[in-house]
Amino acid sequence: MADEPSGTFQVPLWRAIAVFRFASMAYVVAMSAVNLTDYAHPLGAIPALALLVGWSVAAAYLYARPAWRGWPLLGADLAVTLVLLLASPWVVGRTAIDNGVPSLAVAWQAGPVLAWAVSGGRRRGAVAAVVVGLADVSVRAKLTHASATGLMLMLLAGVAVGHVARLGVESEQRLQRAVELEAATRERERLARGIHDSVLQVLALVQRRAAHLDGEAAELARLAGEQEAALRALVAGRPPRSWQPPRQEARRRARPRQRAGPEVDLRAILDGYASPAVSIAAPATPVRLPADVAHEVGAAVGAALDNVARHAGPEARAWVLLEEEDGTVTVAVRDDGPGIPAGRLAEAAREGRLGVAQSIRGRIADLGGAVEIISAPGEGTEVELRLRVSR
Amino acid sequence: MVVDDHPMWRQGVARDLAEAGYDLVATTGEGGQAVRIAPAARPDVVVLDLQLPDISGVEVIRGLLAALPGVRVLMLSASGEEQSVLDAVKAGATGYLLKSASTEEFLEAVRRTAAGDAVFTPGLAGLVLGEYRRLAKGGGPAEDGGAPRLTERETEVLRLVAKGLSYKQIAARLTLSHRTVQNHVQNTLGKLQLHNRVELTRYAIEQGLDGP
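Residues numbered from 1 in each chain as written. Chains lettered and ligands numbered in written order. Predicted model: local features only at pLDDT ≥ 70, side-chain atom pairs only at ≥ 80, totals over all residues.

- In the annotation of an unreviewed UniProt entry, chain B is listed under the name Response regulator transcription factor and assigned to Phytohabitans maris.

- An unreviewed UniProt entry lists chain A under the name DUF5931 domain-containing protein, with Phytohabitans maris as the source organism.

As C-alpha cells, this is what we get:
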C-alpha cells in the first residue's frame, strides 16, 4: 500500500518471515540430504539448493529495507519459488515425488506467500498462496490428500497473516492520528495558558491602574478591560483544564443522554457577551441545549443587552445569571439603569414599536418558553427568560 | 500576605495594600513557599492568585488552612476559570475577586475578608447556585442524605447577588437587615465547605487512607 506509515508494526513480522525462511531452508537441505539417494538427478540438487540458500540470505537482507519491499522483489521472490518447484520433478523425479519424497521447496514455499501477505494484505496473500499451491499441485501426478491440505493451509496462512498485517497498519495509522490530535490540543492549551499568564494579567493591570485617571488614560483602561474580557472568553471557550471529576461525578456524567442531535453549552454562547459592563454568572457545569435553541436564547439575551446599552445609558452595567434546575433553564438579565416606567412597554407595543417585545418575547415564545420583564423607575430592569428543557 | 506569580501584580497589590494602611507580612510567587512561610509570617488575610506555577490554588488553600487555621483567603483570578474558583471556595477560600476589579473594590474586598465576611462576585454566586443544584440533582437521598441544600431565602439572596445587587440593595428589597443578608451568603459557603470536608473524609475512608 502506498500510504503506509512508517510501518514500525511490520518490522517484527518481516523478521519472523526471515526466521521462517532460514528454518524451512534448513529443513529442505536436511530432507535433500536424507533423500539424495532416491533423487533422479542428485547432481541437479546442488544448484537448486544453492539457489535456495542464496535467495534465503538475499531475501532476509532485502526485505529488511522498507524501500526494497516493492513489486520487483515480491515478483522475484515468487519466481524463485516457482523455479524450485518446477525443477523438482526433474531433480527429484516424478516417481519419487509420487512416493512421498518432498519437493525442493517443501515448506520453504510458504515464505513468499507470507511476504506477499504482509506487504499487501489478505488479497495479495491469497493470490500468492494460490499461485504457489497450483505450481505445487502441477508437479505431482495426482492430487493427494496431503497436498490438498497443504494448499489449504498455505491459503489460510496467507489470508490470516495478510489480515493481521492490515490490522496492524490501520491501528498504527489510527494511533498516529490520535497522537497528532493530542499534540494539537496540548499546543492549544499551552497557548491558552500562555495568554492567561501574560496578556490577560497585563491587560487587567492596565485596566486597574488607569481606571481612576482622567481622559485618554481612562479610555485606555476601558479598552484594555474590554479586550481582557473578550480574550478571556476566547480562551475559556473549552472545558476547564486541570480538573478531573471525582469518581462519583464521573459516573454521573457518563450516563447517556436521551436527547439526540447536537447540543451546545449555553454558557459558551453567553460568555461571548462578557465585558467590563456585563457580568455573566453561570454554573461550573455545562448547560446543554440543542444548538438551535441555545442560539435563539443567546440572541434573545443579546437583544436584552442591546436594549440595556440603548436605554439605560453608557454608564449602566448589566448582569446575566444562567441557572438550570429540574429541567428548567432560566436566564436573567438585569441592569442598573433608570428602569422602565410602568406601562411604557405596552405603550410601545401599541405604537407599533416592537423592539423588546418582538425580539425577546417572540424568540422565547417560539421555543415554548416564557419571558417576564420586571422594572420600576430607579430600580433597573430585569428580563427573565424561562425555558423548559425536555429530558 | 500576597501570593501571585506575576511580579508586576505583586508589586501593584502590595503598594495598594501598604497605602491603605495594611501591614504586609510576606509576598511570594509560589504556592509551596506560601504554605511554608505562612506559620512564621502569620498573616490574617492571604491574597491568593488561583493560577500559580507550582501547585494548584486548592492545594495552597488546604495547606494554608492546615498551617494556620482561621486564616482568611481572598482569591484573585484573571479569568473565569469556573471550576477552579468553585473548588477553591469549597476548599475554604472565603472571598473571590476578578483581577479586573478596581483598586477600591479590591481594598473593600480585603477589608471585608479580614472582617470574616464572604466576598462574592456575581459570577461566584452563579457558580455556587449551580453547585447546590448539581449536588441536589446528583446526590439523591439514597446515596447520601447529606447533600447540602439551600433554604428558599438563601437561594433568593444568592440569585440577587448573582444579578449584581449589593448587600444593601438586597436588604432593602427583601426587607432584611444588612447583617442578615451577609449571614445568608456566609451560610451558603459554610455548608458547601462542610459538605466538601465530609466528602473528602468519606473518600479517604473508602480509599483506606484513614488507617495506619
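The rest of the description comes next.
Structural notes on the overall build of chain A
Link 1 in the chain: Looking only at helices and strands, chain A has 13 helices and seven strands in total.
Link 2 in the chain: By residue count, 32% of the 391 residues in chain A fall in the buried class.
Link 3 in the chain: For chain A, restricting intrachain contacts to residue pairs at least 6 apart in sequence, the fraction spanning at least 24 positions comes to 69%. (Helix = DSSP H or I, 4+ residues; strand = E, 2+ residues; numbered from the N terminus. Buried ≥ 20, exposed ≤ 12 C-beta atoms within 10 Å, placed from the backbone. Contact = placed C-beta atoms within 7 Å.)

Thoughts on the overall build of chain B
Link 1 in the chain: Scanning chain B for helices and strands turns up nine helices and five strands.
Link 2 in the chain: Starting at the N terminus and ending at the C terminus, chain B contains elements arranged as β-α-β-α-β-α-β-α-β-α-α-α-α-α.
Link 3 in the chain: Sorting the 212 residues of chain B into buried and exposed places 43% on the buried side.
Link 4 in the chain: Contacts in chain B between residues at least 24 apart in sequence constitute 62% of all its contacts with a sequence separation of at least 6.

Notes on the interface of chain B and chain A
Link 1 in the chain: Across the contact, 33 residues belong to chain B and 37 residues belong to chain A.
Link 2 in the chain: If you list the elements that add at least two residues to the side of chain B that touches chain A, you get helix H1 (7-19), helix H4 (82-91), helix H6 (122-143) and helix H7 (152-162) of chain B.
Link 3 in the chain: Counting residues per element, the side of chain B that touches chain A draws most heavily on H6 of chain B, at 11 residues.
Link 4 in the chain: Split into classes, the residues belonging to the side of chain B that touches chain A amount to nine nonpolar, 16 polar and eight charged. (Nonpolar A, V, L, I, M, F, W, Y, C, P; charged D, E, K, R; others polar.)

A short note on the confidence of the model for chain B
Reading predicted coordinates in detail is not appropriate for stretches of low pLDDT.
Link 1 in the chain: Averaged over all residues, the pLDDT of chain B equals 84, while 92% of them reach at least 70.
Link 2 in the chain: The ipTM assigned to the predicted complex is 0.80, against a pTM of 0.57. (pLDDT = per-residue confidence, 0-100.)

Focus: the nonpolar core
Link 1 in the chain: Counting 96 residues, the largest nonpolar core has Val320 of chain A together with Val47, Leu48, Leu74, Met75 and Val161 of chain B as its most contacted members.
Link 2 in the chain: Looking at which element gives the most residues to this core, the answer is helix H11 (residues 291-311) of chain A, with seven residues.
Link 3 in the chain: Val161 of chain B has contacts with Phe120, Pro122, Ala125, Ile170 and Val185 of chain B, leaving out every residue within four places of it along the chain.
Link 4 in the chain: Within the second largest apolar cluster, 35 residues are counted, among which are Ile17, Val92, Ala110 and Val113 of chain A. (Core = buried A, V, L, I, M, F, W, Y, C linked by C-beta atoms within 7 Å.)

Quick word on the UniProt feature "transmembrane region" (unreviewed entry) in chain A
Link 1 in the chain: Residues annotated by UniProt as "transmembrane region" (unreviewed entry) correspond here to residues 12-33, 45-64, 71-92 and 148-169 of chain A.
Link 2 in the chain: Across residues 71-92 of chain A, helical content stands at 100% and strand content at 0%; the span's end C-alpha atoms are separated by 31 Å. (UniProt positions renumbered as here; feature names shortened; annotations may be inferred.)

Observations concerning the UniProt feature "modified residue: 4-aspartylphosphate" (unreviewed entry) in chain B
All names here are of chain B.
Link 1 in the chain: Sites flagged by UniProt as "modified residue: 4-aspartylphosphate" (unreviewed entry) map to Asp49.
Link 2 in the chain: Note on placement: Asp49 falls in strand S3 (residues 45-49).
Link 3 in the chain: Not counting chain neighbours up to four residues away, the residues in contact with Asp49 comprise Val3, Asp4, Asp5, Leu76 and Ser77.

Details of the pairing of strand S6 (residues 370-375) of chain A
Residue and element names in this part refer to chain A.
Link 1 in the chain: Here S6 pairs with strand S7 (residues 381-388) via six bridges, running antiparallel. From the neighbouring strand, Glu372 faces S7, where its bridge partner is Glu384.
Link 2 in the chain: Remark: five residues form the turn of the hairpin made by S6 and S7, two consecutive strands paired antiparallel; Gly378 in that turn has positive phi of roughly 80 degrees. (Pairing = 2+ DSSP bridges.)

Description of the sheet that holds strand S2 (residues 27-28) of chain B
Residue and element names in this part refer to chain B.
Link 1 in the chain: As summarised here, the arrangement of the five strands in space is S2-S1-S3-S4-S5, forming an open sheet in which the pairing is parallel. The open sheet has two edge strands, S2 and strand S5 (95-98), and neither has a second partner.
Link 2 in the chain: Note that S3 and strand S4 (residues 72-77) share five bridges and pair parallel. Following the sheet pairing, Val47 is matched in S4 by Leu74.

A look at H7 of chain B
Link 1 in the chain: Within H7 of chain B the residues assigned to the buried category are Glu154, Val157, Leu158, Leu160, Val161 and Ala162 of chain B.
Link 2 in the chain: Backbone geometry just after H7 of chain B places Gly164 of chain B at a positive phi near 90 degrees.

Notes on unusual backbone geometry
All names here are of chain B.
Link 1 in the chain: In this structure, Arg42 takes a positive phi of about 45 degrees despite not being glycine.
Link 2 in the chain: On the neighbour-count criterion, Arg42 (13 C-beta atoms within 10 Å) is partly exposed.
Link 3 in the chain: Positive phi, close to 45 degrees, is recorded for Thr175, a residue that is not glycine.
Link 4 in the chain: Position of Thr175 among the secondary structure elements: in the loop between helix H8 (167-174) and helix H9 (178-206).

Here we look at the environment of Arg208 of chain A
Link 1 in the chain: Turning to its location among the elements, Arg208 of chain A is positioned in helix H7 (residues 145-210).
Link 2 in the chain: Each residue touching Arg208 of chain A, except ones within four places of it in the same chain, is listed here: Ser100, Ser102 and Thr103 of chain B.

Comments concerning the pairing of strand S4 (residues 318-325) of chain A
Residue and element names in this part refer to chain A.
Link 1 in the chain: Of all eight residues that make up S4, seven are buried, and the element is covered over most of its length.
Link 2 in the chain: Sheet topology note: the strand S2 (residues 278-281)/S4 ladder contains four bridges and is parallel. Bridging across to S4, Val278 finds its partner in Ala318.
Link 3 in the chain: Judged from the eight bridges that link them, S4 and strand S5 (residues 328-335) form a sheet pairing that is antiparallel. Bridging from a neighbouring strand, Glu323 pairs with Thr330 of S5.

A look at the packing of helix H2 (residues 31-41) of chain B against helix H3 (residues 57-67) of chain B
Residue and element names in this part refer to chain B.
Link 1 in the chain: Contact geometry for H2 and H3: axes closest at 9 Å, N-to-C directions at 10 degrees. When the axes of H2 and H3 are compared, the pair comes out roughly parallel. Taking contact as the criterion, the partners of Gly31, Ala34, Val35, Ala38 and Pro39 in H2 are, on H3, Glu59, Val60, Gly63, Leu64 and Ala67.
Link 2 in the chain: Class assignment of the residues belonging to the contact of H2 with H3 gives a composition of seven nonpolar, two polar and one charged. (Axes fitted to C-alpha atoms, helices over the stretch in contact; angles between N-to-C directions. Parallel < 35°, antiparallel > 145°, perpendicular 65-115°, else oblique.)

Let's talk about the sheet that holds S6 of chain A
Residues and elements named next belong to chain A.
Link 1 in the chain: Read across the open sheet, the five strands follow the order S2-S4-S5-S7-S6; overall the sheet is mixed. Two strands close off the open sheet at either side, each with one partner strand: S2 and S6. On average, each strand axis in the sheet is tilted by 15 degrees relative to the strand beside it, whichever way the strands run.
Link 2 in the chain: Contacts between H11 and the sheet are confined to S2, S4, S5 and S7, with S5 contributing the most and set at about 15 degrees to the helix.

Some words on the confidence of the model for chain A
All names here are of chain A.
Link 1 in the chain: For chain A, per-residue confidence averages 78 on the pLDDT scale, and 85% of positions sit at 70 or higher.
Link 2 in the chain: Confidence scores differ between elements of chain A, with helix H9 (residues 247-254) showing the lowest mean pLDDT of 38 and S5 the highest of 90.
Link 3 in the chain: Note on residues 1-5: pLDDT under 50 across the span, and six contacts to partners over four residues away in sequence or across chains.
Link 4 in the chain: Counting interchain partners and residues more than four positions distant, the pLDDT-below-50 stretch residues 238-260 has 13 contacts.

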